[in-house]
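The lines below spell out each chain.
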Amino acid sequence: MEAVKEFTIPMALVDFVPVLLFAIAAILLQRDLYNKMSKGAFALFAAGTIDVIAAGALKALYKLLYAADVCDFTPLNAMFFPVQSIGFLLAGIGILAMLVHKQGETLPAVAAAPAAFSGTFVFVTLMVAGLGCMDFGLCTIAKKLKKPAAIALLCVSFVLCLGMGYLSSKNFENASMNWIAEGVNVCGQLCFLLAACLMHKAGLKELKLQ
């Protein structure tokens, strides 16, 4: 049976927007948190955020290639959820490690990322756990900075990202549903970026956590 073409070129281009927003926020946080993290914690956070960015960019590229009738390279689409989920998990562990370990301490050995396999439940679990750890840690930092607005934005971003994670696990044949998913994703990453900007302006780089 011929697949229904549910993606358009404008929709595919819009899919790059949340990736860009998250990338800017991640780079900003990496710069501000670098001097607060052990090498292990920073490596986890950096690797995790890079995984999330790469997963989003490859998914957007898949949509663009598909919408432009270049090819239907399904591996780019299939790898999105596993890579993104593991990325959020690593980033979340990195943030928590920063809060519980002093700068310069050697972190305990971290288990290798789980091997990818079919089924989405495990990746939903990983994404929720990782995203929850990351946002909880950032909310803790925002509280130290006395920035309740950043906490609110992180909470909204978390809820929207959970919604996007759910939507990403579904196959849509209706273009309107895809546009809804795009809107949820853009709003979620915009909230995350705004929270990062608020913490940056409040002096996150100079904040002493311990």
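Here the structure is a predicted model, which means the values were calculated and not measured.

Q: What should I look at first to understand the overall build of the chain in this one?
A: Across its full length, the chain carries 8 helices and 0 strands. Moving toward the C terminus, one meets the helices and strands of the chain in the order α-α-α-α-α-α-α-α. The burial tally for the chain puts 45% of its 210 residues in the buried class. Once local pairs closer than 6 in sequence are excluded, the contacts in the chain between residues at least 24 apart make up 84%. For the chain, the accessible area works out to roughly 10,600 Å², and carbon and sulfur atoms hold 69% of it.

Q: Would you explain the packing of aromatic side chains in this entry?
A: The geometry of an aromatic ring pair is captured by the separation of the ring centres together with the interplanar angle, meaning the angle of the planes. Summed over the entire model, instances satisfying the criterion amount to 4 aromatic pairs. The interplanar angle of 15 degrees and the centroid separation of 5.9 Å between the aromatic rings of Tyr-62 and Tyr-66 together place this pair among those described as stacked. Highlighted residues: Tyr-62 and Tyr-66, both in helix α3 (residues 39-67), separated by 4 residues, approximately one helical turn. On the basis of relative accessible area, Tyr-66 is assigned to the buried category, the value being 11%. Members of the aromatic cluster, connected to one another through ring pairs, are Phe-22, Phe-88 and Phe-192.

Q: Can you walk me through unusual backbone geometry in this structure?
A: Peptide bonds are trans in most cases, and residues, glycine excluded, mostly fall at negative phi. Although it is not a glycine, Asp-69 adopts a positive phi angle of roughly 60 degrees. Along the chain, Asp-69 falls in the loop between α3 and α4 (74-78). Residue classification places Asp-69 among the exposed positions, given a relative accessible area of 61%.

Q: Explain the packing of α3 against helix α5 (residues 80-100) here, please?
A: A pair of packed helices is characterised by two quantities: the angle between their axes and the separation of those axes. α5 packs onto α3 with a crossing angle of 155 degrees between their chain directions and a minimal axis gap of 7 Å. Judged on the interaxial angle alone, α5 and α3 are roughly antiparallel. Our pair here, α3 against α5, has a crossing hand that is left-handed. Contacts between α3 and α5 pair Ala-41, Leu-44, Phe-45, Gly-48, Thr-49, Asp-51, Val-52, Ala-55, Gly-56 and Lys-59 from the former with Phe-80, Val-83, Gln-84, Gly-87, Phe-88, Leu-90, Ala-91, Ile-93, Gly-94, Ile-95, Ala-97 and Met-98 from the latter. Taken together, the residues of the contact of α3 with α5 sort by class into 14 nonpolar, 6 polar and 2 charged.

Q: Even after reading the chapter, I still don't get the environment of Asp-72, so can you show me in this structure?
A: With respect to the helices and strands, Asp-72 occurs in the loop between α3 and α4. Here Asp-72 falls in the partly exposed class, since its relative accessible area comes to 41%. Along the backbone, Asp-72 and Tyr-62 are 10 residues apart, and their C-alpha atoms lie at a distance of 7.4 Å. Not counting the four nearest positions on each side in its chain, Asp-72 is found in contact with Tyr-62 and Tyr-66. A polar atom in the side chain of Asp-72 sits 2.9 Å from the side chain of Tyr-62.

Q: How should I be thinking about the state of the cysteines in this particular structure?
A: Disulfides are covalent bonds that link the sulfur atoms of two cysteine residues. Taken as a whole and judged by the stated rule, the model has 0 disulfides. Distance from the sulfur of Cys-187, which forms no disulfide, to the nearest cysteine sulfur (Cys-191) is 6.7 Å. Among the residues examined, Cys-187 registers a relative accessible area of 42% and is labelled partly exposed.

Q: I'm lost on the packing of helix α2 (residues 16-33) against α3 in this one. Help?
A: Close contact between α2 and α3 brings their axes to 9 Å; oriented N to C, the two are set at 165 degrees. Relative to α3, α2 is oriented roughly antiparallel. For the element pair α2 and α3, the recorded crossing hand is left-handed. Residues Phe-16, Val-19, Phe-22, Ala-23, Ala-26, Leu-29 and Gln-30 of α2 touch α3, and the partners they reach there are Phe-42, Phe-45, Ala-46, Thr-49, Val-52, Ile-53, Gly-56, Ala-57, Ala-60, Leu-61 and Leu-64.

Definitions and limits used
Residues numbered from 1 in each chain as written. Predicted model: local features only at pLDDT ≥ 70, side-chain atom pairs only at ≥ 80, totals over all residues. Heavy atoms only, no water. Helix = DSSP H or I, 4+ residues; strand = E, 2+ residues; numbered from the N terminus. Buried < 20%, exposed > 50% of the residue type's maximum accessible area, 1.4 Å probe, protein only. Contact = heavy atoms within 4.5 Å. Areas by Shrake-Rupley, 256 points an atom, 1.4 Å probe, with all protein chains shown as cover. Phe/Tyr/Trp six-rings, centres within 6.5 Å; stacked < 30°, edge-to-face > 60°. Axes fitted to C-alpha atoms, helices over the stretch in contact; angles between N-to-C directions. Parallel < 35°, antiparallel > 145°, perpendicular 65-115°, else oblique. Left-handed = near helix turned anticlockwise from the far one by under 90°. Nonpolar A, V, L, I, M, F, W, Y, C, P; charged D, E, K, R; others polar. Polar contact = N/O pair within 3.5 Å; in protein donor to acceptor, adjacent residues only side chain to side chain. Disulfide = S-S within 2.5 Å.

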